[in-house]
Protein chains: 2
Amino acid sequence: MIRHIVMFTWTEDATAEQKEAVAAELGKLPGVIPQIRALTLGGDAGINQGNHDFALVADFDDVEGYLAYRDHPRHQAVIAEHIRPILAARAAAQLKV
Amino acid sequence: MIRHIVMFTWTEDATAEQKEAVAAELGKLPGVIPQIRALTLGGDAGINQGNHDFALVADFDDVEGYLAYRDHPRHQAVIAEHIRPILAARAAAQLKV
């Protein structure tokens, strides 16, 4: 299995509406990209300071499945239209589990 | 459920032995801290550039379970003895799922 993990910190002027749109649009991707086996996403719970604002964990059967997601036009559209306009910082890793 | 996610980038002079010790010591924690319901960890798969070097995803029933892990002396010892000496950058978030 490949577990893809990514976190975002939003710009200071990002609105609640813009942040909610990221979660909503990413949440639609399992209906569009069948290679996604599991998807967890959401805003940071606010337990600790210094955290990123948003995180996503997505599981795939293999590297090919992850790449199908990474490069899918619908995913790329969410990145271009919803994520990049409010992105201040990004952290990512993919684990072979 | 609380899903805790953390990523590390290691210092350039970190040895393979030191990196492996982090994974090995964190991997022992489910045997010591029963609040950990699931644990995934490992080195970045090397698919993409600009990633962190290591990631960990840990699931807990609730915030109290996560805090028991976060503040557990054995976890704190792993951080102090194995992680901090080779830590260049850290990214974290906790999600309420």
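In what follows, the structure referred to is the one given above.
Parameters at a glance
Residues numbered from 1 in each chain as written. Chains lettered and ligands numbered in written order. Predicted model: local features only at pLDDT ≥ 70, side-chain atom pairs only at ≥ 80, totals over all residues. Heavy atoms only, no water. Axes fitted to C-alpha atoms, helices over the stretch in contact; angles between N-to-C directions. Helix = DSSP H or I, 4+ residues; strand = E, 2+ residues; numbered from the N terminus. Parallel < 35°, antiparallel > 145°, perpendicular 65-115°, else oblique. Contact = heavy atoms within 4.5 Å. Nonpolar A, V, L, I, M, F, W, Y, C, P; charged D, E, K, R; others polar. Buried < 20%, exposed > 50% of the residue type's maximum accessible area, 1.4 Å probe, protein only. Arc of directions from axis to C-beta.

1. A closer look at the packing of helix α1 (residues 16–27) of chain B against helix α3 (residues 73–83) of chain B
All names here are of chain B.
No. 1: One can describe the packing of α1 onto α3 by two numbers: an axis separation of 10 Å at closest approach and a directional angle of 175 degrees. When the interaxial angle is binned, α1 and α3 end up roughly antiparallel. Where α1 abuts α3, its residues A21, V22, E25 and L26 lie against R74, H75, V78, H82 and I83.
No. 2: Each residue belonging to the contact of α1 with α3 can be placed in one class, and the counts come to 5 nonpolar, 2 polar and 2 charged.

2. As for α3 of chain B
Residues and elements named next belong to chain B.
No. 1: All buried positions along α3 are accounted for by H75, V78, I79 and I83. The buried residues of α3 occupy an angular sector of 100 degrees when the element is viewed end-on, so they sit on one face. In α3, the exposed positions angled more than 90 degrees off the buried face are occupied by P73 and E81.
No. 2: Tucked into the core, α3 has its buried residues touching β1 (2–10), α1, α2 (63–70) and β4 (87–96).

So far we have only geometry, and geometry alone does not tell us how the molecule works.
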